[in-house]
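# Notes for the structure review
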Amino acid sequence: MLNVSQAGAVVVSPDHTRNPAAHTCRSGIVLLTAAGKVFWCDKPAADIFGRDVTGCVWAELLEKMMIASQEAEIGRCLPKNISDVLHPLTAKILLSGRSLHPMDVDISLAPIPEENGTVKQVVLTLTPATSMRGLAVSSPNTPVGRELGRSDAHRSILYEGILRITGTGVLSIDRGGFVIYLNREAGELLTISPDIELPRKLMNLLPEDVGQKWLEAIRFVFHYRCDNSFIESWGARHFQIDLGPVFGPDGSVESVVAAVRDVTGQWLSEIRYRELFRQTERGVLICESHDDGLTFTIKDLNSAAQKICDTTREKGVGQSVFEIMPGIENSGLPEAMGRVYKTTSEEHMPSFFEGVSGGRMWLDFSIFTLPNRELVVTFEDITVKYKTEQILRRSKEEWEKTFDALSDIVTIQDRHMRIIRANRAARTMFDLSFNDLIGNRCYEVFQGYSQPCEGCPVLNTCEDCSTHSGLIYNEKLSKTFDVHSSPIFDEQGQLKWLVQIARDVTQTLQQEAERRLLSAAIEQASESVVITDLDGMQQYVNPAFCETTGYTREEAIGQTAGILQSGVHDREFYSKMWNTLLAGKVWRGRLTNRKKNGILFKEDATISPVVDGSGKITNYIALKRDITREDSLEKQLQHAMKMEAIGTLAGGIAHDFNNILSAVIGYGYIAKGKLEKDNPVQEDLDQILLGGDRATDLVKQILTFARQETQDRFRPLLLQYIVKEVLKLMRSSLPATIRLNHFIDGSCGPIMADSSQVHQLLMNLLTNAKQSIGAEHGEITIRLTQHQKIVDGLVGMTGAYLHLSVEDTGCGMEPKQLERIFDPFFTTRAKEHGTGLGLSVVHGIVKKHNGEIDVTSTPGKGTVFDVYFNVAKSDPADIQEIHGPESRGSERIMLIDDEEVVGKVHERMLSKLGYRVTLFNSSLEAVKTFRDNPKCCDLVVTDMTMPNMTGAELAREMLSLRPDLPIIVVTGYSEAMDTEKAARIGIRHLLMKPVDRVDFSLRVKEALRGG
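Residues numbered from 1 in each chain as written. Predicted model: local features only at pLDDT ≥ 70, side-chain atom pairs only at ≥ 80, totals over all residues. Heavy atoms only, no water.

Check the secondary structure of the protein chain and you find 33 helices and 40 strands. Residues counted as buried form 43% of the 1011 residues belonging to the protein chain. Look at the contacts in the protein chain between residues 6 or more apart in sequence, and 53% of them connect residues 24 or more apart. Total accessible area on the protein chain stands at roughly 53600 Å², and carbon and sulfur atoms take up 52% of it. (Helix = DSSP H or I, 4+ residues; strand = E, 2+ residues; numbered from the N terminus. Buried < 20%, exposed > 50% of the residue type's maximum accessible area, 1.4 Å probe, protein only. Contact = heavy atoms within 4.5 Å. Areas by Shrake-Rupley, 256 points an atom, 1.4 Å probe, with all protein chains shown as cover.)

As a general point, the strands of a sheet are linked pairwise by backbone hydrogen bonds and lie either parallel or antiparallel. Taken together, five strands build an open sheet; the order of strands is E37-E36-E38-E39-E40 and the sheet is parallel. Every other strand in the sheet has two partners, leaving strand E37 (916-920) and strand E40 (989-992) as the edge strands with one partner each. For this sheet the average axis-to-axis angle between neighbouring strands, irrespective of direction, equals 20 degrees. As defined by bridge partners, strand E38 (residues 939-943) adjoins strand E39 (residues 967-971) across four bridges and the pair is classed as parallel. Looking across to E39, one finds that Asp-943 is bridged to Val-970. Sitting on the sheet, helix H33 (residues 997-1009) is in contact with strand E36 (892-896), E38, E39 and E40, with an inclination near 170 degrees to E40. (Pairing = 2+ DSSP bridges. Axes fitted to C-alpha atoms, helices over the stretch in contact; angles between N-to-C directions.)

Moving on, we get to the environment of Ile-522. In this structure, Ile-522 sits in helix H19 (residues 506-524). Residue classification places Ile-522 among the partly exposed residues on the basis of a relative accessible area of 21%. As for Ile-522 and Leu-623, which are separated by 101 residues in sequence, their C-alpha atoms are 9.9 Å apart. Excluding anything up to four places from it in sequence, Ile-522 contacts Val-529, Tyr-540 and Asn-542.

For helix H8 (residues 208-224), built from 17 residues, the straight-helix expectation of 24 Å at 1.5 Å per residue is met to within 8% by its first-to-last C-alpha distance of 24 Å. Residues of H8 that are buried make contact with strand E8 (169-174), helix H7 (202-205), strand E11 (228-234), strand E12 (237-247) and strand E13 (253-262). Looking one or two residues past H8, Arg-225 carries a phi angle of roughly 55 degrees, positive in sign. (Expected span 1.5 Å × (residues − 1).)

Another point: helix H29 (residues 900-912). Two residues of an α-helix separated by three or four positions point the same way, owing to the 3.6 residues in each turn. Taking 1.5 Å as the rise per residue, H29 with 13 residues should run 18 Å; its terminal C-alpha atoms sit 18 Å apart, in good agreement. Val-902, Gly-903, Val-905, His-906, Met-909 and Leu-910 are the residues of H29 that are buried. Looking straight down H29, one finds that the buried residues subtend no more than 160 degrees of arc, so they occupy a single side. At the C-terminal side of H29, Gly-914 shows a positive phi close to 105 degrees. (Arc of directions from axis to C-beta.)

This next bit is on the pattern of salt bridges. All told, the structure shown has 32 salt bridges when counted by the stated rule. The partner of Glu-512 in a salt bridge is Arg-515, and the shortest N-O contact between them spans 2.7 Å. With a gap of three residues between them, Glu-512 and Arg-515 both fall in helix H19, about one helical turn apart. We classify Glu-512 as partly exposed; its relative accessible area is 30%. By relative accessible area, which is 43% here, Arg-515 ends up partly exposed. Of the charged contacts, one joins Asp-964 and Arg-962 as a salt bridge, the two residues approaching to 3.4 Å between their closest N and O atoms. Looking at Asp-964, the relative accessible area reads 48%, which means it is partly exposed. (Salt bridge = Lys/Arg side-chain N within 4 Å of Asp/Glu carboxyl O.)

Next up on the list: the sheet that holds strand E24 (residues 528-532). Strand order in this open sheet of five strands is E25-E24-E28-E27-E26, and the pairing throughout is antiparallel. Strands at the two margins of the open sheet, each flanked by one partner only, are strand E25 (538-541) and strand E26 (587-594). Between one strand and the next, the sheet's axes are offset by a mean angle of 30 degrees, whatever the strand orientation. Of the strand pairs in this sheet, E24 and E25 are connected by three bridges, and their pairing is antiparallel. Within the sheet, the bridge partner assigned to Ile-531 lies in E25 and is Tyr-540. Contacts between helix H22 (residues 571-582) and the sheet are confined to E26, strand E27 (600-611) and strand E28 (617-626), with E26 contributing the most and set at about 140 degrees to the helix.

Packing of helix H30 (residues 923-932) against helix H31 (residues 951-961) brings their axes to within 10 Å, and their N-to-C directions diverge by 5 degrees. When the axes of H30 and H31 are compared, the pair comes out roughly parallel. Here H30 contributes Ser-923, Ala-926, Val-927, Phe-930 and Arg-931 to the contact with H31, which in turn contributes Leu-954, Glu-957, Met-958 and Leu-961. (Parallel < 35°, antiparallel > 145°, perpendicular 65-115°, else oblique.)

Further remarks concern the pairing of E37. As paired strands, E36 and E37 are joined by five bridges and run parallel to one another. Bridged to Ile-896 within E37 is Phe-920. For the handedness criterion, the β-α-β arrangement of E36, H29 and E37 is classed as right-handed. (Right-handed = clockwise from strand over helix to strand, strands pointing away.)

Considering all chains together, one arrives at nine aromatic pairs under this definition. Between Phe-296 and Tyr-341, the aromatic rings sit 5.7 Å apart at their centres with planes inclined by 75 degrees, giving edge-to-face as the arrangement. Here Phe-296 is found in the loop between strand E14 (283-288) and strand E15 (297-301), whereas its partner Tyr-341 is found in helix H13 (residues 333-343), with 45 residues between them in sequence. For the pair Phe-296 and Tyr-341, one class covers both residues: buried. Its guanidinium or amino end placed over the ring of Tyr-341, Arg-373 lies 4.7 Å from that ring's centre, counting from NZ or CZ. Between Lys-496 and the ring centre of Trp-497, over which it is positioned, the NZ or CZ distance is 4.4 Å. (Phe/Tyr/Trp six-rings, centres within 6.5 Å; stacked < 30°, edge-to-face > 60°. Lys NZ or Arg CZ within 6 Å of the ring centre and 35° of its normal.)

On to a nonpolar patch on the surface. A cluster of nonpolar side chains, Ile-660, Val-664 and Ile-688, forms an exposed patch at the surface whose accessible area comes to about 250 Å². Mapped onto the elements, Ile-660 comes out in helix H23 (residues 628-674). Classification of Ile-660 by relative accessible area gives exposed; the value is 51%. (Patch = residues over 30% accessible without salt bridge, like charges linked within 9 Å, V, L, I, M, F, W, Y side chains within 5 Å.)

This paragraph deals with the pairing of strand E18 (residues 375-381). Each regular strand carries side chains that alternate between the two faces of the sheet. Of all seven residues in E18, five are buried, a share of seventy percent or more. Of the pairings in the sheet, the one linking E14 to E18 comprises five bridges and is antiparallel in character. Paired with Ile-286 across the two strands is Val-376, which belongs to E18. The pairing of strand E17 (residues 360-369) with E18 spans seven bridges and is antiparallel. In the sheet register, Ser-366 faces E18, and the bridge partner there is Thr-378. The hairpin turn running from E17 into E18, its antiparallel successor, is five residues long, and Arg-373 in that turn takes a positive phi close to 75 degrees.

Attention now moves to the side chain of Thr-311. Counting through the fold element by element, Thr-311 comes out in the loop between helix H10 (303-309) and helix H11 (313-316). Judged by its relative accessible area of 15%, Thr-311 is buried. Residues in contact with Thr-311, not counting those within four places in the same chain, are Leu-301, Gln-306 and Gly-316.

Mapped onto the secondary structure, Asp-364 falls in strand E17. Leaving out residues up to four positions away in the same chain, Asp-364 has contacts with Arg-282, Met-349, Pro-350, Thr-378, Phe-379, Glu-380 and Ile-382.

The linkage connecting Leu-198 with the following residue, Pro-199, adopts the cis geometry, with an omega of 0 degrees. When you line up the elements, Pro-199 lands in the loop between helix H6 (184-189) and strand E10 (200-201). With an omega dihedral of -10 degrees, the bond running from Lys-993 to Pro-994 counts as a cis peptide bond. With respect to the helices and strands, Pro-994 occurs in the loop between E40 and H33. If you check the backbone angles, Asp-292 has positive phi at about 60 degrees while not being a glycine. Here Asp-292 is to be found in the loop between E14 and E15. The exposed category is assigned to Asp-292, whose relative accessible area is 52%. Non-glycine residue Met-417 carries a positive phi angle of around 70 degrees. With respect to the helices and strands, Met-417 occurs in the loop between strand E19 (409-414) and strand E20 (419-422).

Okay, structure coming up:
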């Protein structure tokens, strides 16, 4: 049961029985602030006044809720100032509501004091007399007060209604810590069931830590007989708990009443307000005045204000604005603060004051009032902004000067292309005054046209409000201008002006045309052009560079020229190059570089420094020409000239030398034939013949590379027989330390070949193997097999082929040596042990026979030569076989040679084979004899180079008389005769001196047989 103490505090009586009639009272309740404003009222009160609740809130002293007569009547009954209501008061008035029906209303005022006893809120109760006659709140000493004390039901209705509407929870706790009263709002706030049986221990209703805090605060009230307040937080909610003592008749504290309010929103708002107040960048002063706006004292100031005014909160609070802002009193700020205080109208103004450091500080002030009549002054330091504006003003002046100083023509035009501003260049270029330009259109004054130029950028900007540019030719000046036009918009985004800038580009275009011509020439040049910076970083490469090196432009630019280095040139080479360039000189030379695919190529390069106007080197430009093919052709030419020199030398001595060798070898064989096989002289003759054979081979090799050898026609040949013949010859010349192995497939098919060249090929390969082994122990292995399946890499093989392999266990070769093994005159041995022609001859013979050759070698283990020949498709009857060392006969042979010694050697060789030989040392005599009797012989063997008549002329003469006559021409050397020419004349065979006995006998037999 609610009571009102003499001090006006709301308390709860020990009788904790709930009053069910509390919700049936039609009394109206109004809460007033100390300033007399309504901050809350319930609906019954609003109904009494004939207004809605919203219309009642914040009305001042009810003047907006009552007519004047009612205000006067209330004014007579109530104190002038609400804050003077220190005790409950009552009154009775006749109230005419908005419905204009008079109503007797009992009113009562009850103060709600703060802890310090000041009244901040007052409860106004309005009760129609028809509802509860005589309801009043008065001092206990008045009759009305005594009557009120007897009306417990009314008090319960009054105060429980107030607490319910305001959301205040109320508890009453006795000395034992038992809750003896709990209203519904307290149950909802503290999550306690409203149906709980009371009394109940407080500690059983609250969390232990919260209950302990409550009990400590309650004990404080019991002990000190005074009020106590604290804020309790749990979870996300915050509660304001106000505790007050309830005194008994004897003056002792019987219980403590607790008012609980949820202040979460206020608490958060307060935090946000203080945080905003603290962190805002504008300075904020909260001021109050005690003399009706004449002077103001600072109640609070934020961090920004402290920083701007160079003070602290402790120093600033209590001071006047003029004390923390020296000199501000003369700026008009005090007058503005007084006006705002009196009119409550917000004002803004800039002002300044002298800072503590002595510099003038400009501030932007905003002044307004709060509902509690406090004055708020916010300000921002705009010193930088103020100075910036001054700078902008100066900048505008400088811009004006710059505008006129521009060498380009600049005009500002309106949207109709009328000039409203033009710089000095526009006036000077066209010799016009300011007045001549202003107000006229650009095409009228600059071109003399009546309409805009074709493609005019200004016209395009007028149409689409975008930036445009273009080249315009001016006929008056015979110049071309690069014209740019840009729009300028107003605040609404509408086109306001246009800026036209025209630059004379006549000379630039001419230079650009020259540059394009030069660029096109560089782009289309067949030579590589590279431009680098000072560090050699490539900045430009032309298409020829890309085509030569294989690098794209994107890959090359940004890289140094080192991407092409091949490793051929050493550091000293590049050091000399850079020293030349850094000295500002041109470097010329030949470079061996590497393409992207790894292939080496050669270039003739000219690298020049590029200097600027001051003579400083800014770039390097390289002009390079790929001379790989030229270098190859040059080497081929040198080789050809070398071969020609060798051929000339060989040709000069070959004829006589071969004749001499023919005599030496021929008589050597004759001498051997006359001696017994066990005669000691046989070995000496063998060495003579061996030397002759080597001399013969050397001449043949020299003539072969001089491209002056005489070749036989290719015929079907069984290679296995030649291999066996060569093996017989080689066994006698091999030392005992070398074993000769052979694996010959006798069923191999024929090949199209020249037997003498194949013979030479085998001899050279075996000789090379022998020299590779040297004086060491080793083996030479020869294999000959036939295959059907083509092996990868055998480009020239088209079907079945023969595989000839010559393998040795000699010293082997390094990879670099292998790369040059077939080069002429290249040898890994001492000069006295090799000419460097042997393997080159082998390579040439293989290629002439459309074959393939491959070599593999391992240093210290040996070398293998693999030779491949296509198998020929021919009649077995056409296959040349070698059955023995010599082929005999009995036919008549006419032998003609101007060298008597050579003639006699050949005569004795043929006679020993059984032939009947007639020797002539004069070609004329031989022709005369033949004319007399064309049937005098079965075969003619003639020398080629003879006095009076050559062998070719003799052959033509005899064939004219006897076309079926077989003729063999033997020559030591002749530029005028080769195998093809001999065949066209009708000569059956062309043999080189000195002739081999076996080969000579075979050719004679073939010629006689019609071959």
